[in-house]
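So you can see what is in the structure, the chains are spelled out below.
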Amino acid sequence: MILSLALRYSFSSKGRHRRRSMRTVLTIALSVAVVLSVMAIMDYLQEGRLERIRRVRSFDTVVSGDACADLRTLYPDLSVFVYGETEALVSGKAMRIRYIDGYYDGGLLMLSGDDSALVLSYPSMLSLDGKEASVMLLSRGRSGIMLPSSSMVPVSGVYTTEMGREFDTLYAFLPVSMMEEGTDVYTAVRGRDVSEELRALGYDAVSWKDSESALYSAFMLEKTMMYLVLFLLFIIIAVSMKQTVRIFYRERCGEIFELMILGMERWRIRASFMLSFLLVLIIGLAAGLLLSYLVLPFLESYLESVLHRGGELCVWYGGFAVIVLFLFTVSMIFTSRSQRKAESIQPEEAGNNV
């Protein structure tokens, strides 16, 4: 009985109710799609960037010195590799040199060539006159003093990374076999932050949060602002939902009065119209989720064209669950208030809506 009444009044053709219900569905769908899109973009810009930093520049945990053998024994399920790093002038430009071997797992994507000699990014290659680059760095002399030395090194490959120009224009790569004495050597662990465990074992370990502390703090502030923006969006949706519920019940005052005249219990009337609106809400939520699936690929293509890096915009299902819970809660509150108000109508007022 209640379900049949709810289905009848959700999209009734009487009094243009169906058109208004469809308008309500569209409003809810657009609101949900906008919030899900905002969540996906913010997650892409923030969490995606942090993941790229951990994969390319700072890594989850970095230990000073060559502790590769020990760490591979401790963490056989994680990626462990050694690299050296120093500052240098490459064809007159200040850059950081990383010395790597075949185990290096730092998100290096080779566009051409190999890593047998100097590996530069494509923007850095454009500044070279030929296929060699002058590399000036500090090396330890016979007396043990660090002195500048310069040599011409052939360029064997061109690379790129997920971080794009932010990283690529500042880093060049050389094989470990060409590493100068006195170069700082590190052991990286990728896959999980194990810095606290290693510090407890006596290792000089640094997590990516420590090495990128300023940037991480900025991201935390950005995340706080993101939640504030989402909170404001939810407030706007709540105000819109209140107006939608009010209109929904105002247009159905006649039906409510008819059922009261026929002697139906008030709790059945309330349940019928509450379920009637919830059916409209469910359809709007489903339509909003579907619309977000259709919109996100276009937003993803746009962001790739603007930011010049790959990535995937995904629906945040946890966020969608929050939206569903929020809309159901405010709907129950507003429908209860509107229902009591509708039940207090006078017959002549109800007649105008029949």
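Residues numbered from 1 in each chain as written. Predicted model: local features only at pLDDT ≥ 70, side-chain atom pairs only at ≥ 80, totals over all residues. Heavy atoms only, no water.

A. Region of interest: the overall build of the chain. Across its full length, the chain carries 12 helices and 10 strands. When the 354 residues of the chain are sorted by exposure, 43% land in the buried category. Intrachain contacts of the chain at a sequence separation of at least 6 include 78% that bridge at least 24 residues. Approximately 18600 Å² of the chain is accessible, and the part contributed by carbon and sulfur atoms is 60%. (Helix = DSSP H or I, 4+ residues; strand = E, 2+ residues; numbered from the N terminus. Buried < 20%, exposed > 50% of the residue type's maximum accessible area, 1.4 Å probe, protein only. Contact = heavy atoms within 4.5 Å. Areas by Shrake-Rupley, 256 points an atom, 1.4 Å probe, with all protein chains shown as cover.)

B. A look at empty space enclosed by the protein. Using the criterion set out here, one finds two cavities of 30 Å³ or more in the structure. There is about 60 Å³ of room inside the largest cavity. Lining the largest cavity, in full, are Thr27, Ile28, Ser31, Ile237, Ser240, Met241, Thr244 and Leu327. Looking at the lining of the largest cavity, the elements that each hand over two or more residues are helix H2 (17-56) and helix H8 (213-250). (1 Å grid on protein atoms, 1.4 Å probe; cavity = no way out; pocket = protein on both sides within 12 Å on 5 of 7 lines; lining within 4 Å. Points joined across faces, edges and corners; volume = space filled by probe spheres on them.)

C. Focus on the nonpolar core. With 32 residues, the main nonpolar core has Val32, Leu36, Met241, Ile323 and Leu327 as its most contacted residues. Looking at this core, the elements that each hand over two or more residues are H2, H8, helix H10 (266-307) and helix H11 (317-343). Once residues within four sequence positions are removed from consideration, Val32 is found in contact with Leu285, Gly288, Leu289, Phe320, Ile323 and Leu327. Counting 18 residues, the second largest nonpolar core, distinct from the first, contains Ile100, Tyr159, Trp208 and Phe219. (Core = buried A, V, L, I, M, F, W, Y, C linked by side-chain atoms within 4.5 Å.)

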